[in-house]
Amino acid sequence: MIHRRLLAAASIAASLAAPVALPTLAHEGHEHGDAPKPVVATATPTMETSSSDFELVAVVQGKTLLVYLDRFATNEPVTGATVEVSADGDAVTATPVSGEEGVYRLDAAWMSKPGSHEVTVSVTAVDAADLLIGTLEVPASAADAQPNGAGGGHGVSAILGQVRHDPGLMLGAVMAFLLGVLTTVALTQRGRARTVAGAALIGFGLLLASGAAFAHGGEDHSHGDEAKDKTPGAAATPIAVTGAAESPRRLPDGSLYVPKTSQRLLSVRTTVALTQQAAQTVQLIGQVIADPNGGGHVQATQSGRIEPGEKGLPYIGQRVEAGQILATITPAVNVVDRSGIQQQIATVEQELVIVESRVQRLRKLEGSVPQRDIDEAEANLNGLRKRRAALSPTLTTKEALRAPIAGIVTANNVKAGQVIEARDQVLFEIVDPSRLMVEAVAFDPRVANAIKAATASTADGASLSLELLGSSLALRQQAIPLLFRISNPPQGLGVGQPVRLVAQVQGKASGIVLPRQSVVRSVSGQPIVWQHESPQRFTARPVRTQALDGNTVLVLAGVEPEARIVTDGAGLLNQIR
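Residues numbered from 1 in each chain as written. Predicted model: local features only at pLDDT ≥ 70, side-chain atom pairs only at ≥ 80, totals over all residues. Heavy atoms only, no water.

(A) How the structure looks around helix 8 (residues 371-391). In this model, helix 8 (21 residues) spans 31 Å end to end at C-alpha, consistent with the 30 Å of a helix rising 1.5 Å per residue. Regarding helix 8, the residues found buried are Ile 374, Ala 377, Leu 381, Leu 384 and Leu 391. Projected onto a plane normal to the axis of helix 8, the buried residues spread over an arc of 125° and lie on a single side. For helix 8, the exposed residues set more than 90 degrees away from the buried face come down to Arg 372, Lys 386 and Ala 390. (Helix = DSSP H or I, 4+ residues; strand = E, 2+ residues; numbered from the N terminus. Expected span 1.5 Å × (residues − 1). Buried < 20%, exposed > 50% of the residue type's maximum accessible area, 1.4 Å probe, protein only. Arc of directions from axis to C-beta.)

(B) Spotlight on the pattern of salt bridges. Using the criterion set out here, one finds 14 salt bridges in the structure. Among the salt bridges present, the one from Glu 55 reaches Lys 260, with a minimum N-O distance of 2.9 Å. Residue Glu 55 is located in strand 2 (residues 54-61), and its partner Lys 260 is located in helix 6 (residues 260-266); the two are separated by 205 residues in the primary sequence. With respect to burial, Glu 55 and Lys 260 carry one shared label: buried. (Salt bridge = Lys/Arg side-chain N within 4 Å of Asp/Glu carboxyl O.)

(C) Quick peek at the sheet that holds strand 9 (residues 129-138). The antiparallel open sheet is built from 4 strands, whose spatial order is 5-4-8-9. Whereas interior strands pair on both sides, the edge strands pair on one side only; in this sheet they are strand 5 (90-93) and strand 9. On average, each strand axis in the sheet is tilted by 20° relative to the strand beside it, whichever way the strands run. Bridge count for strand 8 (residues 115-124) against strand 9 is 10 bridges, and the pairing is antiparallel. Paired with Val 123 across the strands is Asp 130, a residue of strand 9. (Pairing = 2+ DSSP bridges. Axes fitted to C-alpha atoms, helices over the stretch in contact; angles between N-to-C directions.)

(D) Representation of the packing of aromatic side chains. Scanning the model with the defined rule gives 0 aromatic pairs in all. The lysine or arginine in question, Arg 564, covers the ring of Phe 72, its NZ or CZ lying 4.0 Å from the ring centre. (Phe/Tyr/Trp six-rings, centres within 6.5 Å; stacked < 30°, edge-to-face > 60°. Lys NZ or Arg CZ within 6 Å of the ring centre and 35° of its normal.)

(E) Spotlight on the sheet that holds strand 17 (residues 325-331). Spatial strand order, 18-17-15-20: 4 strands in an open sheet with antiparallel pairing. Each having just a single partner strand, strand 18 (399-402) and strand 20 (419-420) make up the two edges of the open sheet. For strand 15 (residues 304-308) and strand 20, the ladder comprises 2 bridges, and the chain directions are antiparallel. Directly across from Gly 304, in strand 20, lies its bridge partner Ile 420.

(F) Structural detail: the environment of Gly 494. Tracing the backbone through its elements, the reader meets Gly 494 in the loop between strand 25 (480-487) and strand 26 (498-515). Here the alpha-carbon distance between Gly 494 and Ile 289, two residues 205 residues apart in the chain, equals 8.2 Å.

(G) Up close: the layout of surface pockets. Size it by volume and the second largest pocket reaches roughly 260 Å³. Residue lining of the second largest pocket: Gln 283, Arg 500, Arg 516, Val 519, Val 520, Arg 521, Pro 527, Thr 545, Gln 546, Ala 547, Asp 549 and Val 553, and that is the complete set. Looking at the lining of the second largest pocket, the elements with two or more residues in it are strand 27 (520-521) and strand 30 (544-547). With 3 residues, strand 30 is the largest single contributor of residues to the lining of the second largest pocket. (1 Å grid on protein atoms, 1.4 Å probe; cavity = no way out; pocket = protein on both sides within 12 Å on 5 of 7 lines; lining within 4 Å. Points joined across faces, edges and corners; volume = space filled by probe spheres on them.)

(H) Local environment of unusual backbone geometry. The residue Asp 88 is not glycine, and still its phi comes out positive at about 55°. Mapped onto the fold, Asp 88 is located in the loop between strand 4 (82-87) and strand 5. Positive phi, normally seen in glycine, also occurs at Asn 488, with a value near 50°. Relative to the assigned elements, Asn 488 resides in the loop between strand 25 and strand 26.

(I) Just the environment of Arg 358, in detail. With respect to the helices and strands, Arg 358 occurs in helix 7 (residues 335-364). What makes Arg 358 partly exposed here is its relative accessible area of 38%. Taking the C-alpha atoms as reference points, Arg 358 and Glu 378, separated by 20 residues in sequence, lie 9.0 Å from one another. Excluding its chain neighbours within four sequence positions, the residues that come into contact with Arg 358 are Asp 373 and Ala 377. (Contact = heavy atoms within 4.5 Å.)

(J) Layout of the pairing of strand 8. The sheet contact formed by strand 4 and strand 8 spans 5 bridges and is antiparallel. Each bridged residue has a counterpart across the sheet, and for Glu 84 the counterpart in strand 8 is Ser 122. Where strand 8 hands over to strand 9, the hairpin turn is made up of 4 residues, counted between the paired strands.

Here it is, written out as structure tokens:
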């Protein structure tokens, strides 16, 4: 009876210990003692090599080798090349992968053999040819990989072998088994045995919770990219050991690991840094204004009611031609003024009738009366007619509001039926978009007098070519106003839009000229560039820059000559975490 109870207790203990022991044994990523930390871990065996013309990354996938071939200087994929791979006395010509630029594939028997392979790659492109040599390490786990992707290192035999060679895991398994035994005894026994088992169970539980039982022999429990190197100069773990996913990631030292597949998706391009001489520049703040000869205001000369023209009232953004009627104004006269005008018209018409009768009578007596009297009567008649003609339109004549120039309506301050006063009120504003200027201010008089050329850029990245027209002799808020003409203004540029000017002044500066998009901001806000250290590794370099124009910057410090700097895709690389 006792033997059966003990046998049942052992069975229950084993079943309780298994869920605890197996995850512990199968726990991947532990590093014991002085084992090296993974720096750049890849999921498959990879070879990287480069020359002055080409950069090559070879990736083993089963018995297939994928070759990624790029230009060394620009990181552009090399298409249409002849790629021949030789290893272990076997030479195979790779074939281009359909739909992929710069990707070639081949099948060779030597890739299924674990160990170190000296690989020679002969590349013949349209404009260059080169020989690249490298070493490809094929681990046993990769060579014996199952078709379904399950490696031999994940089976029960591998777990048992790991336990036999790892005292810490052996201790963890024993303690898990004892924990199961104590649990079974506490549940099945009575009296003192149950009390002792319960106390021991509580003690083991507290010991396991504190983590003391498994923190053996300098073990590092950190995982993946979160692990920090505790040993300076630790070497990288062999490529296929870590089994990390092939995805872009930030490494512990702050650099980036970006596989070639991701570089193709991000369209990463580079350039070789060369030291150059460039003009000194200063940055100014300005805004877009209308050319005085390319802008116009429409105002009313009399009070009245707005009526649409033949084409209706113009709307903002509509293009109008010079002389086009935008609206009409019907005179708006109050009752008092209207009766006064009508009274004047009636008086004039009455006098006109009297004078016409006198003129007719004098003409009949022509020769009997002095000619002077006839002329005076006719002159008086003409004057009365002109007075009547001048008074009549004040009640009926409409004023036409015409566009002074051809351009785009940028302001419409009226509505149909609106009553306006004859005052300094802008009804319509028109701007010719092909004639725009930039007004800026300079606080240093020496800068205003030393400007030789200038460019400007808008918030959306549009670049403007400027021509300096002159500066004002009167200060505005202790600054000197500067006026520039925009050569060929782009579409969508608006009056009042702020711009940033880069003005070239006298003097030279030495540095490395890069596209503006190469310089990005780090998390702390510091300007940086991404340097292409190796085929799949990028490092951030803090830089000190000076703007040259709207498209380029001059790096004064932080980049060494001949370094490969990312030009396209730097902003996307900066977002990798």
